[in-house]
Structure formats: C-alpha cells, structure tokens
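For reference, the chains in residue letters:
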Amino acid sequence: MRRTIFSAPSKPSTPSAKLPPRLEGGLPLLGHALEFRNDPITLMTRARRLHGDLCTVAMPGTDAIVMTGAKAQEKFFRVSDDDVSQAEAYRLMTPIFGKGIAYDAPPPIMKEQLGFFHEALREAQMRTYAQGFIDEAVDYFSSWDDFGLVDMYEVGNELTIYTSSRSLLGYEFRQQLSGEFAKLYADMEAGLSALAFMAPNLPTPAFRKRDKARARMVQLISKIVEDRRSRGTVGEDMLQSLMDASYKDGRKLSENEISGLLLTIMFAGHHTSGVTFSWTGILLAQHPEWVAELRAEQRALLGDRDELTLEDLRAMPKLDATIKEVLRMYPPIIVMMRKVVNDFSFGGYDIPHGSMIFASPTVSHYMPEVFPEPERFDPTRFMDPRNEDKKNPMAWIPFGAGRHRCMGIMFAQLQLRALWSHLLRNFDFEPVEESYAPDYSRLLVGPRHPCRLRYRRRSRKRVTAAA
Ligand code: HEM
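Reading the values: the criteria
- Residues numbered from 1 in each chain as written.
- Predicted model: local features only at pLDDT ≥ 70, side-chain atom pairs only at ≥ 80, totals over all residues.
- Heavy atoms only, no water.
- Donors = N, O, S within 2.8 Å, 3.2 Å for Na, K, Ca; no water.
- Helix = DSSP H or I, 4+ residues; strand = E, 2+ residues; numbered from the N terminus.
- 1 Å grid on protein atoms, 1.4 Å probe; cavity = no way out; pocket = protein on both sides within 12 Å on 5 of 7 lines; lining within 4 Å.
- Points joined across faces, edges and corners; volume = space filled by probe spheres on them.
- Nonpolar A, V, L, I, M, F, W, Y, C, P; charged D, E, K, R; others polar.
- Phe/Tyr/Trp six-rings, centres within 6.5 Å; stacked < 30°, edge-to-face > 60°.
- Buried < 20%, exposed > 50% of the residue type's maximum accessible area, 1.4 Å probe, protein only.
- Lys NZ or Arg CZ within 6 Å of the ring centre and 35° of its normal.
- Near = heavy atom within 4 Å.
- Polar contact = N/O pair within 3.5 Å; in protein donor to acceptor, adjacent residues only side chain to side chain.
- Axes fitted to C-alpha atoms, helices over the stretch in contact; angles between N-to-C directions.
- Parallel < 35°, antiparallel > 145°, perpendicular 65-115°, else oblique.
- Left-handed = near helix turned anticlockwise from the far one by under 90°.
- Contact = heavy atoms within 4.5 Å.

J.: I keep staring at the coordination of the iron atom of the ligand and nothing clicks. Help me out?
T.: The textbook angles at a metal center are 109.5 degrees for a tetrahedron of four donors and 90 or 180 degrees for an octahedron of six. Protein coordination of the iron atom of the ligand is limited to a single donor, Cys406 (SG), which sits 2.3 Å from the metal. Along the chain, cysteine 406 turns up in the loop between helix H18 (388–391) and helix H19 (409–426).

J.: Whenever I open this one, empty space enclosed by the protein confuses me. Can you help?
T.: Inspection of the entire model under this criterion finds two cavities of 30 Å³ or more. Reported here for the largest cavity is a volume of approximately 60 Å³. Residue classes in the lining of the largest cavity are distributed as five nonpolar, one polar and three charged.

J.: Honestly, the packing of aromatic side chains in this entry has me stumped. Any pointers?
T.: What characterises a pair of aromatic rings is the spacing of the ring centres plus the angle enclosed by the ring planes. For the coordinates displayed, the defined rule picks out 26 aromatic pairs. Ring geometry for phenylalanine 382 against tryptophan 396: centres 5.8 Å apart, planes inclined by 55 degrees, an arrangement best described as tilted. A residue pair is termed long-range when its members are at least 10 positions apart, and phenylalanine 382 in the loop between helix H17 (361–365) and H18 and tryptophan 396 in the loop between H18 and H19 qualify at 14 residues. Summarising the burial analysis for this pair, phenylalanine 382 and tryptophan 396 share the class buried. Cluster of aromatic residues (ring-pair linked, three or more members): Tyr140, Phe141, Trp144, Tyr162, Phe277, Trp420, Phe427, Phe429 and Tyr455. Positioned above the aromatic ring of tyrosine 349, the side-chain terminus of lysine 18 is 4.5 Å from the ring centre. One Lys or Arg, arginine 328, reaches over the ring of tyrosine 366 and ends 5.5 Å from the middle of that ring.

J.: What is the right way to read the site of the ligand from this model?
T.: For the ligand, the set of nearby residues contains 27 residues, the closest of which are Tyr90, Arg338, Pro398, His404 and Cys406. Between the ligand and glutamine 86, the relevant distance is 3.4 Å, taken from an oxygen atom to a side-chain nitrogen or oxygen of the residue. Sorting the residues of the shell around the ligand by element identifies helix H5 (107–120), helix H13 (255–286), strand E5 (336–340) and H19 as the ones contributing at least two each. Broken down by element, the shell around the ligand gets its largest block of residues, six residues, from H13. Its residues assigned to classes, the shell around the ligand comprises 16 nonpolar, eight polar and three charged.

J.: Please clarify how the environment of arginine 48 should be interpreted in this entry.
T.: Mapped onto the secondary structure, arginine 48 falls in helix H2 (residues 40–51). Between the C-alpha atoms of arginine 48 and threonine 362, which are 314 residues apart in sequence, the distance is 13 Å. At 3.1 Å, the side chain of arginine 48 forms a polar contact with the side chain of threonine 68.

J.: Would you take a moment to explain the packing of helix H6 (residues 126–142) against helix H7 (residues 152–169) for this structure?
T.: Angle between the axes and distance between the axes are the two parameters that describe a pair of packed helices. Where H6 meets H7, the closest approach of the two axes is 9 Å, and the angle between their N-to-C directions is 140 degrees. The orientation of H6 with respect to H7, classified from their angle, is oblique. Both H6 and H7 take part in a crossing whose hand is right-handed. Taking contact as the criterion, the partners of Tyr129, Gly132, Phe133, Asp135, Glu136, Tyr140 and Phe141 in H6 are, on H7, Val155, Glu158, Leu159, Tyr162, Thr163, Arg166 and Ser167. A breakdown of the residues in the contact of H6 with H7 according to their chemical character gives seven nonpolar, three polar and four charged.

What follows is the structure, given as structure tokens:
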C-alpha cells in the first residue's frame, strides 16, 4: 500500500529508553520509504525475519515500528486510543469525509459517530441489506451474455457500488444512480494519493476536482434528505439511521455530517468488498475441485429452490470458509497504522511518541507457524476441526481486531456470499491470465490489471430473490 507518512522526527522519550531494533539499509532522508512503496510486504517480512516481533523501519521524518506475530499484534490492537491515534494515518481522507467527521473529529465525537454506524449495521437491518444484495446480483448478472471475458477488478467495483449505495445511501439513490455518481466517486478517489498525506489541501487540479465532487455529493444526498422529510417517507438504509440519530446532547446531525458519514462508510465498505469479490473469482477459477464442493453445498441447501433467503446465506459453511481463505491470502488492507501520542512499552522495548506503529494482515496471514502451507489455497483451514481463525484471533486479521475492528464484517460477508452463491449456481469461470498478483500501488490492494476471467452461463434459469 502506498502510504508515506511525513511528520516530526521521533525522539526517544527518555535517554535510557530501549528502542526496537532498526532494519538495516534504507536511503538518506527517504529511509525505507521507496522499498515500502514498491513492495511493502517483502520489506515488513524481512523486518520480522531479521529482528522478530518489533522492528523499526525508517520513513521520511519518522520511524515506523512494524509489529508482527500474534502477541505484538494483540498489543497493537489493544493499545488505548489515548496512547495512539488513527487520525494521522487517515489524514488524506479528511477532505472527502469532511471537517469534523470521523477521524477528523475530537475522539468523543468520533466515538459517537462510530456508534451511529454500529446502530445502522446491527442485526435487525441485515434482512433488508441481504435482500438488496440478492436483487442486485440477479439484475446485474442477467445482463451478461452467455459467455465472454470479464475483468474481475472492474466487475467487483461496479457491482459493489450498486450494492453499497443501495444499502447505505438508499433505494432512491440507487435508482437514480447514474454516470454522475460513478464520476463523482471516481473524482474523490483520484484525490487519494501520497501527496494527500502530506498536503491534502494544495490547490492541485486533482484536489480541486475531489472537492468539487464532494460538494456535489453533499447536494445530492441533502436533496434526498429534504425529499424524505418533506414527504414524510422513511427508507430502510443507513441514510435513514443517520437522519434519525442524535448526539448525546440531543443535537441532530447536520446534512454535511450525514453526507460525510455516508461517504466514510462508502469508502470503508466499497473497495474492500469489491476486491474481495474479484479475488474470490480468481481463486475459484484456479481451483475447480473446490468449486465442485461449493456447488454440492448449494445443491444440498437449496435443492430445486432458486430463491435465496437470509437464513440460506447464513448456512453456507464452505462458502464462508472460502471467503475467509480469500481474505487470508489477499486482505485488501495490507497494513494498519497508528501514530503514537504517548510512549508505551512492549516486550521489553519502549515505543516512543512521535513514531508510527504498523500491523500487517498480509504478513500475519503468511506465518507458517499459524497458517501451515500459507501459499496454498485451502479453505478447509477455516472449517472444523482446524478453525485456524478462531484459534488465532490476533493472527487472522483481515478485518482488524480490538476496539476498531471492522463494523461491516457481517454486511461484507453476507454480500459476498449472496453474490457468489448466485455466480456458483449460474456461471463457470476459467483463468485467462498467466498469473494474478496483488497491485500494491493501490491504497486498497486488489488484483493487478489485467485480471480477466472467461465465463460461461450454466443455464438461462434466473434466480429470484425472496429473502
Ligand atoms: C471485505 C470487506 C472489508 C474488509 C476487509 C474491511 C477491513 C477493515 C479493517 C482492517 C478495519 C480496521 C482498520 C484499522 O484498524 O485501522 C476496518 C474498519 C472499519 N470498517 Fe471495514 N472492511 C470491510 C468491509 C466493510 C463494510 C462493508 C463496512 C460498512 C458497511 C465497513 C465499515 C468499517 C468501519 C465503520 C470501520 C471503522 C471501525 C472503527 O474504527 O471502530 N467495512 N475494516
């Protein structure tokens, strides 16, 4: 992931501090930044191989302590929000989410805002969301020809923008979802660059476009809020939850806050799910023997039925294990970051304020002592009796862990199961490229272009939704 953090150089807090060992190499001023940008996983794996659970790599203007292994990762996820801050790592998002929204808000306000998400992603809403995923899958894939070539990255992105916008922004929004929304979203994303970490408000053309796109998105969302309020209509979506929410002091959310929080959740949930969808297709196309197992599971569960229900989506242990294995091999977030604001210690070392700490799902997921034969695609590792995720909750971390663990886990899993249950029953896929590799130049890591698959429709029979 291309993330270069620039901030004040860190200093040991006390002269006697025992600091984590430093990784050899690196360039003057730039430190290990170029290597991190080009191949972060090799760099962090080397740091672990040479120095163990804690190793300092040099970044321009700061040190980053790579924390690997279950114990160090547990510390990373458990360290108090008073001692570390996520805001620095997400600084580039502020112009998109908005001032005073999420990571830019003072910690107590951010906590309340995250609470609004929690409310909107709770169990009771899942039936409506699941229905949306199923309907979108039927609609989207019914427009495909009987056979052809598709780029899995593009399909994943397009499809999950429909599913996410429907559940989060609402049905009206989804119905009107035109080229304009896709363009605005793309303009905002184009503002996510290394430069945005350092100077997110420079008057560059890309940043100007990003700001214009955000302003227009706020207009579009505010219009729906106004319409609902004036007509007295109620939606079953996150927009409605935010419209109904209020802060502890009784204040309702402004339209700017509602829009900012919706953009926050869109950015958290869209690409992450999109690239996981893409990798699932690629890995299944490469493993037809496992596809046969998954189809047997679908047949046993659904028999002659075409209609999927929420209960069905919850009763697919093999598909569930498949998605877990995809997320083990190709987690979309390859490194999580925090800035240390108060010194703390771990494993006999001092972690000084001013430095960054990193935890990497990818490095963790390829530790053979936890996930034997890590290069092998083997979903049974997440089934009885192996259950490698449950036995190692601080090592299987595609959704993070601890107090900032992803809130969209159920949403993402149901979505991916709905899409792939439909595809497994309706299409065959074959690989086209000689190989498929992760593209570390993206903030959220997906397969590198091109990543095409050949598909063939199995039958014209359409699956209808009846969740
Ligand atoms: C496969 C899909 C997904 C993956 C791999 C994923 C991964 C993650 C990870 C690693 C974090 C923790 C980041 C950190 O600690 O710095 C996170 C946080 C979060 N995710 Fe997800 N996510 C996914 C889908 C979603 C979806 C669909 C939603 C919402 C609909 C969502 C909402 C959130 C929120 C609100 C947080 C912040 C939680 C907090 O700070 O307390 N995510 N996600």
